[in-house]
Amino acid sequence: MIGGPQILGGFRLLDADDSAGKGGQGTVRRAVCERTDFPGLAVGTTVALKVMSVLDHDDANWQSLESMISVLGSLDSPNVVRHYGCFRERVGDAVLHVVVMEFLEGETLRARLAKHPSGLNADVTLEIIRAAASGLAAAAAAGVVHRDIKPKNIFLCADGKVKVIDFGIARCEDSPVEGVVPGTLDYMPPETIIGDSQGSPASDVYSLGLCLYEALTGRPAFPKFKRGPSDSIEAFVVRARQMRAPELDAPLVAANPDLASVLRRMTDPDVTHRMSTAAEVELELQDLLDALARGEWHLPPDGWTDGDSDKGDAPTADGGTQVDAPPASIFRRIVRNRRELMLILALIIELLSTAVIIWQRPKPSALEEDRRQLAERLKAAEKARERAERAAAEALRSRDEGKEAVR
């Protein structure tokens, strides 16, 4: 659209074609509303326009888009990008479908992780994914499945809010069967390839679980696929049929069984064993955040971070085949385990030494114990006798004083 119109559907474009972002479905443009008849928008409001050039001779694509945007526009969630509506316009020989959304300032989770290759702090990560789960729960309540949850589609706003974005391949659960399910292979659940699922709330839970692990550790839960389309699909089918669960071996995860349990139930390859709704995920993550706030989390041993795993243990095999950790990583694990073993042995030795000292401490004989008890009884009797003598003397003194007064 270079050299295209500066006014599109009553919206004045503010930037170059690709300055606000690109996706598989179109180009995002920043614009200002100059229309007085667009629902929910005041003149002068800055918005994001998702512009898609389509071939739509029978209006089927337009009707599908219009229906989906109507549903998304009705969502009342602070964790879903707001959709104001859509319009279409012909520009030259092209038909443009345009979605009007709120303009967000900030960065995606993918961009944030690029700055933090060892992963984000646990509290930050849990809050981000909890908020994303809240947005997905709101969408699911309206019958919408996102189907492309990945770090790039979780947006971290400059004001601290978290929003799920890019519903370009979302579908309503009651929509007709499409055939091949679209999505990003690295984050898709097995049932979308080897099963008959067109995507479900549980599918979004799986993808969100992979995002959670990656945000905590800085590394993907599975090896990334090759970028070649045919190679990627073939490798994904192999992994899907193997029904392999991700290796949740990062130190922070391994040290916290409750966190590991949540991740395992989010990323179970068998959809019947997986957490089925984002609403459930939101509650579980809030419990983890509360436990973290109470100081009930365990941190990895000193000197260990998930970034260390990123250097030695990051999955790098193609086609979903897990590779063994390099020797350097294995050495670090041996050193860590040996240090922990030595600490445990030192504690056991200290406890045994204390027990021996207590056991060898001289014990009083039965006769000495009898003597001690007798001495205590004599002392008590002596005190009682002294109290009785004082009471008797006081009584005699009172009697003598009374007689003197009578005289």
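Residues numbered from 1 in each chain as written. Predicted model: local features only at pLDDT ≥ 70, side-chain atom pairs only at ≥ 80, totals over all residues. Heavy atoms only, no water.

## Let's talk about the nonpolar core
Part 1 of the reasoning: Counting residues in each nonpolar core, the largest one holds 67 residues, and the members touching the most others are Leu109, Ile129, Ile154 and Leu208.
Part 2 of the reasoning: A per-element tally of this core places helix α3 (residues 122–141) first, with 10 residues.
Part 3 of the reasoning: Not counting chain neighbours up to four residues away, the residues in contact with Leu109 comprise Leu120, Ile128, Ile129, Pro151, Ile154, Leu156 and Ala215. (Core = buried A, V, L, I, M, F, W, Y, C linked by side-chain atoms within 4.5 Å. Buried < 20%, exposed > 50% of the residue type's maximum accessible area, 1.4 Å probe, protein only. Helix = DSSP H or I, 4+ residues; strand = E, 2+ residues; numbered from the N terminus. Contact = heavy atoms within 4.5 Å.)

## Digging into unusual backbone geometry
Part 1 of the reasoning: The phi dihedral of Asp166 falls on the positive side, at around 60 degrees, and the residue is not glycine.
Part 2 of the reasoning: As for its position among the elements, Asp166 is in the loop between β11 (162–164) and β12 (171–172).
Part 3 of the reasoning: Judged by its relative accessible area of 26%, Asp166 falls in the partly exposed class.
Part 4 of the reasoning: The backbone of Met243 sits at a positive phi, close to 50 degrees, despite the residue not being glycine.
Part 5 of the reasoning: For Met243, a relative accessible area of 32% puts it in the partly exposed group.

## A closer look at the sheet that holds strand β10 (residues 154–157)
Part 1 of the reasoning: Spatial strand order, β8-β10-β11: 3 strands in an open sheet with antiparallel pairing. Looking at which strands have only one partner, the edges of the open sheet turn out to be β8 (106–108) and β11. Taking each pair of neighbouring strands and ignoring which way they run, the sheet shows an average axis angle of 25 degrees.
Part 2 of the reasoning: Bridge analysis of β8 against β10 gives 3 bridges, and the strand direction is antiparallel. Within β10, the residue paired with Glu107 across the bridge is Leu156.
Part 3 of the reasoning: This element, α3, spans β10 and β11 of the sheet and lies at about 45 degrees to β11. (Pairing = 2+ DSSP bridges. Axes fitted to C-alpha atoms, helices over the stretch in contact; angles between N-to-C directions.)

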